[in-house]
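Overview (structure and organization)
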Amino acid sequence: MWHVICWYTFKPTTLVRSFSISCLKYAKARGLRKKKELSEKKLTRYFVDHRTVRVYGGRGGDGICTFHSEPRKEFGGPDGGNGGDGGHVILKVARQIKSLSSIVSLYRGDNGESGGSKNCYGKKAPHTYVLVPIGTIVKENGKVVADLSSHEEEFVAAYGGLGGKGNRFFLSNENRAPMTATPGDFGQERVLQLELRTIAHAGMVGFPNAGKSSLLRAISNAQPAVADYPFTTLNPHVGVVHYQDFEQIAVADIPGIIREAHRNKGLGIAFLRHIERCRFLLFVLDLSKSDPWQQLEDLKYELEQYDTGLAERPFCIIGNKIDLPESKANLVLLREKLRKHVIIPVSALTGANVEELILHLRELYDGYLEDAQIKGCMPVKW
């Protein structure tokens, strides 16, 4: 016993002190450890822009058939309560959600509780909320039933069933002792297709390796992957351009389009749909390649084949890679071919003439606001 007391008297101080220091070092090491960044190829696993889901509304609770029982009260009468309503399945827009990857294939609403004696009603089931990103299109049998384009907007995907009636509900002067009670209704069942279409004011359109991702890095806070091989960008990126008057313009980097993309070649229609919501377009041409005006014609053709009138939206022509020697000669030829259009030569690599692009982008945005005011529609604010 004496040996135990001595160990407890002298040893614990050093043991506890060394343990606390080691724990502190371990906690600091964990806190300083940076989260490993995902590559663009791994990010595509988490980016999903199409889902098919089956939704079931919750079933309503059953009504019950009971009669009041109390001493010295022989005929208490019916007191069976109604069942509670089933819960809805509701799609709710959340700004922090960027993809449909978290959406599962089946959702069921909660069932309502059954009624009770003494005229007690069953509890209504809470609603089931499914968070979806901004720009989600909801289709049923190929028809659009909802366009969720603003934060916290809601759409009832499946209504819950109504609760059943207890025998108290059927009490009348003609029937003083009803024995009838109804079960709760089943909830609504639907099969819905969810599509994500990127919401942005401007959409960058160009062939692979035209420098769209580098240009988006130069004008905004976005950090898309950049490399010297085609199809570096495999999912849309949205960057926000900030101005001194606190105005914000969202610019989307649409993955590279190739010829016959409207026939679902390359990345195909899966990303052409993201251009539909853009209010104006930025055609990014590679000036280092010969005949850059042919790039513009091919891009317009693909957009027009996918959706008639899409290529007629307000647009701006950007000649990228002006820092290369062969680009300057091609720029002169491009301006001769497209005399009616404004061409902004830039270099995403060196940042040359990027300020002019940002100013022209603001002019396109102001024009969009004026058109929205004339038409009486609500402009999209980022």
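Residues numbered from 1 in each chain as written. Predicted model: local features only at pLDDT ≥ 70, side-chain atom pairs only at ≥ 80, totals over all residues. Heavy atoms only, no water.

With respect to the overall build of the protein chain
To keep it simple, the criterion reads: Think of it this way: any DSSP run of H or I at least four residues long counts as a helix, any run of E at least two long counts as a strand, and we number them from the N terminus. Contacts between residues were defined by any pair of non-hydrogen atoms, one from each residue, lying within 4.5 Å. Residue exposure ignores everything except the shown protein chains as possible cover, and the areas themselves are Shrake-Rupley values with a 1.4 Å probe.
When helices and strands are tallied, the protein chain shows seven helices and 14 strands. Look at the contacts in the protein chain between residues 6 or more apart in sequence, and 72% of them connect residues 24 or more apart. Total accessible area computed for the protein chain in this model is approximately 22100 Å², and 54% of it derives from carbon and sulfur atoms.

Comments concerning the confidence of the model for the protein chain
Rules: A residue's pLDDT is simply how confident the predictor is in it, with values from 0 to 100.
Looking at the protein chain as a whole, its pLDDT mean stands at 80, while 78% of the residues score no less than 70. Counting interchain partners and residues more than four positions distant, the pLDDT-below-50 stretch residues 1–46 has 16 contacts. Confidence drops under a pLDDT of 50 for residues 227–233, and excluding neighbours within four residues, the segment shows 20 contacts in the predicted structure.

So, helix 5 (residues 292–306)
Inclusion rule: To estimate the expected span of a helix, subtract one from its residue number and multiply by 1.5 Å. For every residue, the accessible area (1.4 Å probe, protein chains only) is compared with the maximum for its type, and the residue is labelled buried under 20%, exposed over 50%, or partly exposed between those bounds.
For helix 5, which comprises 15 residues, the first-to-last C-alpha distance of 22 Å matches the rise-based estimate of 21 Å (1.5 Å per residue) to within 8%. All of the buried residues in helix 5 are Pro 292, Trp 293, Gln 295, Leu 296, Asp 298, Leu 299, Glu 302 and Leu 303.

Comments concerning the nonpolar core
One recurring pattern in soluble globular proteins is that nonpolar side chains are buried together. Applicable threshold: The term nonpolar core refers to a set of buried residues drawn from Ala, Val, Leu, Ile, Met, Phe, Trp, Tyr and Cys, joined through side-chain atoms within 4.5 Å.
With 25 residues, the main nonpolar core has Val 205, Ile 275, Leu 281, Phe 283, Leu 303 and Leu 334 as its most contacted residues. If you list the elements that add at least two residues to this core, you get strand 11 (248–253), strand 12 (280–286), helix 5 and helix 6 (325–337). No other element matches helix 5, which puts four residues into this core. Grouped together as the second largest cluster of nonpolar side chains are 24 residues, Ile 249, Val 284, Ala 348 and Leu 364 included.

Looking at the sheet that holds strand 7 (residues 154–158)
Threshold: The rule for pairing is simple: two strands pair if DSSP sees at least two bridges between them. Here the axes come from fitting lines to C-alpha atoms, over the contacting stretch only for helices, and the angles between their N-to-C directions go from 0 to 180 degrees.
Here we have three strands laid out as an open sheet, ordered 4-2-7, and mixed in their pairing. If you trace the sheet from one side to the other, it starts and ends with strand 4 (128–132) and strand 7, each paired once. Strand-to-strand, the axes of this sheet are offset by a mean angle of 30°, without reference to chain direction. The pairing of strand 2 (residues 89–93) with strand 4 spans five bridges and is parallel. Looking at the pairing, Leu 91 lines up with Val 130 of strand 4.

Notes on unusual backbone geometry
Positive phi values are uncommon outside glycine, yet Phe 246 reaches one of about 70°. By relative accessible area, which is 76% here, Phe 246 ends up exposed. The backbone of Asn 353 sits at a positive phi, close to 65°, despite the residue not being glycine. Structurally, Asn 353 can be placed in the loop between strand 14 (343–345) and helix 7 (354–375). Judged by relative accessible area, which is 31%, Asn 353 ranks as partly exposed.

A closer look at helix 3 (residues 212–219)
Put simply, the test is: It is the directions from the helix axis to the C-beta atoms whose arc is reported.
The set of residues buried in helix 3 consists of Lys 212, Ser 213, Leu 215, Leu 216 and Ile 219. End-on view of helix 3: buried residues confined to an arc of 160°, all on one side of the axis. Buried residues in helix 3 make contact with strand 9 (202–205), strand 10 (237–242), strand 11, strand 12, strand 13 (315–320) and helix 7.

Describing the packing of aromatic side chains
The test is simple: Think of it this way: a Phe, Tyr or Trp ring, Trp meaning its six-membered ring, pairs with another when their centres are within 6.5 Å, and the plane angle makes it stacked under 30 degrees, edge-to-face over 60, tilted otherwise. Each ring is checked for a lysine NZ or an arginine CZ that lies within 6 Å of its centre and within 35 degrees of its normal; such an atom marks a charge sitting over the ring.
Throughout the structure, instances matching the rule amount to three aromatic pairs. Judged by centre distance (5.3 Å) and plane angle (90°), the ring pair of Phe 169 and Phe 170 falls under edge-to-face. Look at Tyr 365 and Tyr 368: their rings are 6.2 Å apart centre to centre, the planes differ by 50°, and that puts the pair in the tilted class. With Tyr 365 and Tyr 368 both in helix 7 and three residues apart, the pair spans about one turn of that helix. On the basis of relative accessible area, Tyr 368 is assigned to the buried category, the value being 11%. Seen from the ring of Tyr 129, Lys 92 lies directly overhead, with NZ or CZ sitting 5.7 Å from the centre.

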